[in-house]
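Chains, contacts and geometry: an overview
Take a look at the letters that make up each chain.
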Amino acid sequence: MDIIRNDTKIDFMGRRRIAMIFSAVLILVSIGSLATRGLEFGLDFTGGTLIEVNYPEAPDLGDVRQALDESGYADYTVQTFGTSRDIVVRLPADQAAEEGADISTEVLGALSASAEGIEMRRVEFVGPQVGKELAEQGGLAMLYALAGILLYVSFRFQWRFAVGAVLALVHDVLIVMGMISLFRINFDLTVVAALLAVVGYSLNDTIVVYDRLRENFRVKRKGTAIELTNLSINQMLSRTVMTSLTTLMVLIALFYFGGEIIHAFAYTLIVGVIVGTYSSIFVASNAAIVLGVSKQDLMPVVKEGEDQPDTEVLPARFRNN
Amino acid sequence: MNRYPAWKYLVLIAVLVIGVIYAAPNLFGDDPSVQVSSARGFELDPALTEVATDALAEDELQPRDTTFEPERLLMRFGNPEQQLRAADVLRDSLGDAYVVALNLAPATPGWLEALGAEPMVLGLDLQGGVHFLMEVDMDAARSARLEAFVDDIRNLLRDERIRYRSVRREGQTLVAELRTLEDRDEALAQITGELPELELEAADGAETFNIRATVLPEVMTEMQQTALQQNITTLRNRVNELGVAEPIIQQQGADRIVVQLPGVQDTAEAKRILGATATLEYRAVDEENDPFEAQRTGRVPPRSQLFFDRESNPILLSRSKIATGDELLNAAAGFDQTSGSPMVSVTLDGGAARRMLDFTTENVGNRMAVVFIERRPETRMVDGEEVREMREVQEVISVAVVREPFGRRFQTTGLDGAREASQLALLLRAGALAAPVEIIEERTVGPSLGRDNIDQGFRSVIIGFCLVLVLMAIYYRVFGLVANLALTANLVLIVAMLSMLGATLTLPGIAGIVLTVGMAVDANVLIFERIKEELRLGNSPQSSIRAGYEKAFSTIADANVTTLIAALVLFMFGTGPVKGFAVTLSIGIVTSMFTAIFGTRGVVNLIYGRKKKLAALSI
């Protein structure tokens, strides 16, 4: 059974221009959104207090606000979380800085006094200092991951491929962050983890295409770089689609059944897998070609006296049957 | 021909068997149990088992199983009702010296336990509980230490009759101003001899002769480490009061402490208890009056106060204190250099050292006692309702004869073994003023959310897993089924690795497993697509299988190494939940390489490898 016909000859490289425009538009929208709307940084990075409570019956948010007002809180937000019976109260960092960790206890007390049968689900308090550190660590992690990948790909392939792979990664991370900003997804530590997983996944896809490109460059005698790139992408198309499909399936299961806490994480990965698949087809190879990858760059060093590689035909060790 | 040599199958089977064994404990669930440990973190006496069993037998309770370890006594019961009753009985009969906590002990069968197989540890987000990150105020600790040195220098100069204008602290340095050059040199010599922790420098002012002193960096580092350790010790004692079965109290970085209390939901209570302090007092023993007489008649001499030691023997102590906990700088257990017997060496700060010297000079041959004072939360039944309140507990922990006059540093000897020495040092440190701590991060998960997280986490793993299985079976037929076997084995191996490493399973960790399941099939997809391609090129099925596996290998390796780089970076930089995700992702990548390449090849070889005339593959 084949989802993708096995002899596709889609001219991916012929659509480079359209893809470039498409990517450029997405990136512009992302940067625009990041610049104007910004990210909704979660508690992990801003510091502050979050209290999630479960009510036996859906409460009126006005009543909840009134209870908090009466207890003297001013700068807070109240939202439902997942179901209408779950309420999340968020308090900013400056208020937490004054009163320290005790604030969560007080808020819980105020809420419990206002209604019967309230159950504490979750309390998170992050001091402003910790928030700053976590943000720094997240940013550093991203940079180190990109640097490590750049090194590895340069070592295994060639610098043009490494630059292409990293360009594709930057493209993916920018667009995913743009989508997070556009749809007001709460940007917390799990989203950073998801972003790094996107980096890993997208790279995985890119490497697979590069690997075939390298093989074709070495084995095929005929064909320009663009023709061979097209061939490689087509050859790997059913694999790319199949893997993206299985990964997306489990992510959708995570999104719908994993609970509210894992939502932002699953969302980020779903967007990331789609963008990552697209970029490994259109961005990574494209970048390598624009940078001028040629056959000579990937030829193994042939020792004198040895035969040239046996092109088009299987090497001897595969022919013993 | 595609055949594996026998040893490859043996490796495959061995890995799978080990995987199944170490993953198995996760299937057995928990026993409701009661855990008894020392309220002070001491080792337990093996005789406790019998005491506890007898106390339970009186109430016709019989534990299903009893395990004694030096740190804890664990008794398992058939159901939660018995567990609760047993906890009540033990609390009443064992008294204050022990902490009785409810626990859920893993019901791993003995033969698995003997192999070292244990279930995964569930993170706080899955079982509910409190996570605190506390920061020790090192600035305050440093200031206190510097002030103590100021006192030390003043006292020293006074004792040596060197006239000085002032001794004060200027930021991180200490400055002593003296009037004459001779005084300065004399002071320099004295301080060098008495306070080796300081680095001295003569720095004369316009009219005065000055000494500038800084504390040696290694002394400061050691002081900070001590301050942190003291806090950890104190926190451990406090946490014991809470009756938490398996708390985690760990140092993180130079000045932080992580406290994790599984199962605790009353965070207000936890914060109050963790914040409570203990102190201690050195007092003279009243040698003139009979403590038993005072206890019997209730008439205590006016200048004395009645105390009790740990065996509840009465003892009369003077009302005035020689030194208190906040003046104690350090206490360490060790061995006396001359006699080799266990001892505890104590260091006091300047003010207390003077008082100690005055007292000991006049009281050689008399006794001195240490009283440990702490505020402990207590549960009492009032009108059928539980009332928790703080009670101040005072207890004499050490009585010793003064052999000779001493001041700043002294030793307590005549202890009953090294264990007693370390226990005394632990208590002294707990009572000393530790640097103040502040909670800088709190994450609490209520029990209902924990349960939801587990349920939802496992549901998404199972649903995602089944979807992948179905898709693979439909798309790749026989080869798909082989990949599904590998995927199942992969899941077992991930669980086994997590259990073996003692890693904590968190919700992001489960997400990591889900993601790994989705990505693990990638290796098989790559191989199978390659085999299809080879078939289309007109190669025979057998050589296509071989070429498919061999050609796909470098692609799979490259792709996985890059993902591993991202996962390792996450592990290095991530904290808490993110780390859990990185751990499962890394483990998943490694195990999936094994099962998807090595494992499936073995099965494929078994199915197709021996057939000489193979017309087609079901792929």
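Counting restarts for each chain: residues are numbered from 1 in the order of the written sequence. Each chain takes a letter, starting from A, and each ligand takes a number, starting from 1, following the order in which they are written. The model is predicted, so local features are restricted to residues of pLDDT at least 70 and side-chain atom pairs to those at 80 or more, both for listing and for counting; the totals for chains, interfaces and linings are taken over all residues.

Describing the confidence of the model for chain B
Per-residue confidence from the prediction method is given by pLDDT, with values spanning 0 to 100. Across chain B, the average pLDDT comes to 84, with 94% of residues at or above 70. Secondary structure elements are defined from DSSP: runs of H or I of at least 4 residues count as helices, runs of E of at least 2 residues count as strands, and each element is numbered from the N terminus. The least confident element of chain B, judged by mean pLDDT, is strand S18 (residues 367-382) of chain B at 71; the most confident is helix H1 (residues 6-23) of chain B at 93.

As for the pairing of strand S15 (residues 314-324) of chain B
All names here are of chain B. One requirement defines pairing of two strands: DSSP has to find at least two bridges between them. Bridge count for strand S14 (residues 304-308) against S15 is 5 bridges, and the pairing is antiparallel. Bridge assignment links Phe307 to a residue of S15, and that residue is Ile315. The antiparallel pairing of S14 with S15 creates a hairpin that spans 5 residues between the two strands, and Ser312 there sits at a positive phi of about 65°.

With respect to the domain arrangement of chain B
Assigned domains of chain B: these are domain 1 (6-25 + 446-608), domain 2 (32-107), domain 3 (139-220) and domain 4 (277-442). For every domain, the bounds stem from an assignment made automatically or drawn from a database. Summarising the inter-unit geometry, the C-alpha centres of domain 1 of chain B and domain 2 of chain B are found 43 Å apart.

So, the environment of Leu140 of chain A
Residues and elements named next belong to chain A. Locating Leu140 in the fold gives a position in helix H6 (residues 128-156). In this scheme the burial state of a residue depends on its C-beta neighbours within 10 Å: 20 or more other such atoms mean buried, 12 or fewer mean exposed, and anything in between means partly exposed; the C-beta positions come from the backbone. For Leu140, a count of 13 C-beta atoms within 10 Å gives the class partly exposed. Each C-alpha atom of the pair Leu140 and Asn204 lies 21 Å from the other, and the pair is 64 residues apart in sequence.

Details of the environment of Ala165 of chain A
Residue and element names in this part refer to chain A. Mapping Ala165 onto the fold places it in helix H7 (residues 159-182). By the C-beta count within 10 Å, which is 31 here, Ala165 ends up buried. Along the backbone, Ala165 and Val209 are 44 residues apart, and their C-alpha atoms lie at a distance of 11 Å.

A closer look at helix H15 (residues 541-573) of chain B
For H15 of chain B, built from 33 residues, the straight-helix expectation of 48 Å at 1.5 Å per residue is met to within 8% by its first-to-last C-alpha distance of 47 Å. Bending of H15 of chain B peaks at approximately 35° at the position of Phe553 of chain B. Here, expected helix span is obtained from the residue count minus one, scaled by 1.5 Å. Throughout, bend refers to the angle between the axes fitted to the seven residues that end at a position and the seven residues that start at it.

So, the packing of H6 of chain A against H15 of chain B
Only the stretch in contact is used when a helix axis is fitted, and all axes are lines through C-alpha atoms; the angle between N-to-C directions ranges over 0 to 180 degrees. In contact at an axis separation of 9 Å, H6 of chain A and H15 of chain B are set at 155° when each is read in the N-to-C sense. Considering the angle they form, H6 of chain A stands roughly antiparallel to H15 of chain B. In terms of crossing hand, the pair formed by H6 of chain A and H15 of chain B is right-handed. Listed contacts from H15 of chain B to Gln137, Leu140, Ala141, Tyr144, Ala145, Gly148, Ile149, Tyr152 and Arg156 of chain A of H6 of chain A are Asp558, Val561, Thr562, Ile565, Ala566, Val569, Leu570 and Phe573 of chain B. Lys, Arg, Asp and Glu make up the charged group, whereas Ala, Val, Leu, Ile, Met, Phe, Trp, Tyr, Cys and Pro make up the nonpolar group; the residues left over, Gly among them, are polar. Taken together, the residues that form the contact of H6 of chain A with H15 of chain B break down as 12 nonpolar, 3 polar and 2 charged. Between 65 and 115 degrees an angle is taken as roughly perpendicular, under 35 as roughly parallel, over 145 as roughly antiparallel, and anywhere else as oblique. Left-handed is the label given to a crossing in which the near helix is rotated counterclockwise from the far helix by less than a right angle, and right-handed is the label when the rotation is clockwise. Whether two residues are in contact is decided by their C-beta atoms, placed from the backbone, lying within 7 Å.

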